[in-house]
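Notes for the structure review
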Amino acid sequence: ILNRSVADVCSTCHVHATCHQIEGKSVCICNYGFVGNGRTHCQDKDECQIGASKICGNHTLCHNTHGSFYCVCLDGYRASNNNKTFIPNDGTNCTDIDECEESGLCGRNARCVNTEGSYKCYCNDGYKLENGEHSFHPDGNIVSCKEIGCGSPPEMKHGYIVGNYSLLPGSAVHYECKEGFYSNEGKFSYCTANGTWEPATLSCKDVDCGVPPSVLNAYPASGNGYTYGSYVTYSCDHGYFIASGNQTAVCNAKGQWDGTDLVCK
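Okay, so let's go over this structure. Just so we're clear, the structure is a prediction, and the values are computed from it rather than from any experiment.

A word on the overall build of the protein. On a plain count of helices and strands, the protein comes out with two helices and 24 strands. Relative to the 2.2 N^0.38 estimate, which gives 18 Å for 265 residues, the radius of gyration of the protein is 47 Å and therefore markedly larger than a compact globule would have. Projecting the C-alpha coordinates of the protein onto the three principal axes gives extents of approximately 165 × 25 × 25 Å. In the protein, once contacts between residues fewer than 6 apart in sequence are set aside, the share between residues at least 24 apart is 24%. Summed over all atoms, the accessible surface of the protein reaches about 17,000 Å², with 49% contributed by carbon and sulfur.

The following block contains the structure:
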C-alpha cells in the first residue's frame, strides 16, 4: 500500500517537475527554471527579471528561455570564455575588448585608442580630418585622415620668395623685397600645425632717395618724385652752359641719385 501511494503521488507530478523523497514522503518539486506547486503547474521562471547585471554580471544582456536563460556581452565586450553566450555558473564575465588590437579599424594614417566599451580613432601626427573634428568612430561612412599641408604660401606685395620651401607644418618661406623696395622687418612665414600659413610681418616699402642733390651753377628744372626709378633733370643757371656730365639723375634701388655729375661753366 505504501509503494502504491508513493507511485500515486509521483504519477501526479507536473511534466516539468520531479518526484523527490523527503523525510519518507513523496513530494513533486518543479525542475530548475520552473516555479509552481509541482503538481498542477510548473511555469517558466523568468530569471532575467532579477536584472541582467545581478544574474549575468556587468556589461551583459540576459535572455530568458523556456526553463532556463543565457547571457550575452554588450557591444564592445567579450566573454572571458570566448563564447558568444554563457550561463554565469563558471565564473564567466564580460571584459572590455581592446579594439586597438584589431587591425584596419580606423583606416590609413590613423591610430586606434581604446575606451571603456568602445574605441576612438585619431589621425596620426601630420594628418587631420577634413571636417575639423579631433577624433572619429568609423560607422560605415568613409572617413580619411588627410596629410596636413598649408597650400600655396601667401603672396607678398612688392616681395618674392627666395629658394625652395615645403608645405608641411614647421616649414618656413623666406621672402625678399623686389628691387626698389626695402624692409627692416621679419621676412619669414611659417606653416602652422593646423595647416595655415602664419602671416609674415614683412612689409616692402618704396625706396626713397630724398630731395635731389644740388648741382653747382644749376637747378632742377623738372622731375617726377623721389622713389625708385624717379628722375630729375637739371638746367644750367643763366649765363652757364653744360660742359660735361649727365643732365638727368635717376633714383636707384639703393636710395641714391645716379648721374649727378653735371658740370656747368
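The rest of the description comes next.
Now for the state of the cysteines. A full pass over the atoms with the stated rule returns twelve disulfides. Note that Cys 209 is cross-linked by a disulfide to Cys 251, the S-S spacing being 1.9 Å. Between Cys 209 and Cys 251 the disulfide shows an S-S torsion of about 85°. By sign, it is right-handed. Highlighted residues: Cys 209 in the loop between strand 18 (205–206) and strand 19 (218–223) and Cys 251 in strand 22 (residues 248–251), separated in sequence by 42 residues. Among the residues examined, Cys 251 registers a relative accessible area of 2% and is labelled buried. Residue Cys 236 pairs covalently with Cys 264 via a disulfide, S to S 2.0 Å. The disulfide joining Cys 236 to Cys 264 has a torsion of about -80° about its S-S bond and is therefore left-handed. One end of the pair, Cys 236, is in strand 20 (residues 231–236); the other, Cys 264, is in strand 24 (residues 263–264), and 28 residues separate them in sequence. For the residue pair Cys 236 and Cys 264, the accessibility class agrees, reading buried in each case.

Before going further, it helps to spend a moment on the sheet that holds strand 23 (residues 257–258). With antiparallel pairing, four strands are arranged side by side in an open sheet as 19-20-22-23. Because the sheet does not close on itself, it has two edges, and the strands there are strand 19 and strand 23. Direction of pairing for strand 22 relative to strand 23: antiparallel, over a ladder of two bridges. Bridge assignment links Cys 251 to a residue of strand 23, and that residue is Trp 257.

Looking now at the pattern of salt bridges. On inspection of all chains with the given rule, the structure shows one salt bridge. A salt bridge links Lys 187 to Glu 176; its shortest N-O distance comes to 3.1 Å. Here Lys 187 is found in the loop between strand 16 (181–182) and strand 17 (188–190), whereas its partner Glu 176 is found in strand 15 (residues 172–177), with eleven residues between them in sequence.

Turning our attention to the side chain of Ser 189. Summarising the element assignment, Ser 189 is placed in strand 17. You can call Ser 189 buried: its relative accessible area is 0%. A polar contact is formed between the side chain of Ser 189 and the backbone oxygen of Glu 198, at a distance of 2.4 Å.

The phi dihedral of His 59 falls on the positive side, at around 60°, and the residue is not glycine. Here His 59 shows up in the loop between helix 2 (52–55) and strand 5 (60–65). Residues other than glycine seldom take positive phi values, yet Asn 82 does so here, at roughly 65°. Relative to the assigned elements, Asn 82 resides in the loop between strand 7 (77–79) and strand 8 (85–86). For Asn 82, a relative accessible area of 63% gives the class exposed.

Once that is clear, we can look at the sheet that holds strand 15. Each strand in a sheet pairs with its neighbour through backbone hydrogen bonds, running either in the same direction (parallel) or in the opposite one (antiparallel). Strand order in this open sheet of three strands is 14-15-17, and the pairing throughout is antiparallel. Only two strands of the sheet have a single partner each, and these edge strands are strand 14 (159–162) and strand 17. Mean inter-strand twist for the sheet, computed between neighbouring axes without regard to direction, equals 35°.

Below, the discussion takes up the side chain of Ser 230. Of note, Ser 230 is situated in the loop between strand 19 and strand 20. The buried category is assigned to Ser 230, whose relative accessible area is 5%. The contacts of Ser 230, once residues within four sequence positions are left out, are Asn 224, Gly 225, Ala 249, Val 250, Cys 251 and Trp 257.

Conventions and cut-offs
Residues numbered from 1 in each chain as written. Predicted model: local features only at pLDDT ≥ 70, side-chain atom pairs only at ≥ 80, totals over all residues. Heavy atoms only, no water. Helix = DSSP H or I, 4+ residues; strand = E, 2+ residues; numbered from the N terminus. Rg over C-alpha atoms; globule rule 2.2 N^0.38 Å. Contact = heavy atoms within 4.5 Å. Areas by Shrake-Rupley, 256 points an atom, 1.4 Å probe, with all protein chains shown as cover. Disulfide = S-S within 2.5 Å. Buried < 20%, exposed > 50% of the residue type's maximum accessible area, 1.4 Å probe, protein only. Pairing = 2+ DSSP bridges. Salt bridge = Lys/Arg side-chain N within 4 Å of Asp/Glu carboxyl O. Polar contact = N/O pair within 3.5 Å; in protein donor to acceptor, adjacent residues only side chain to side chain. Axes fitted to C-alpha atoms, helices over the stretch in contact; angles between N-to-C directions.

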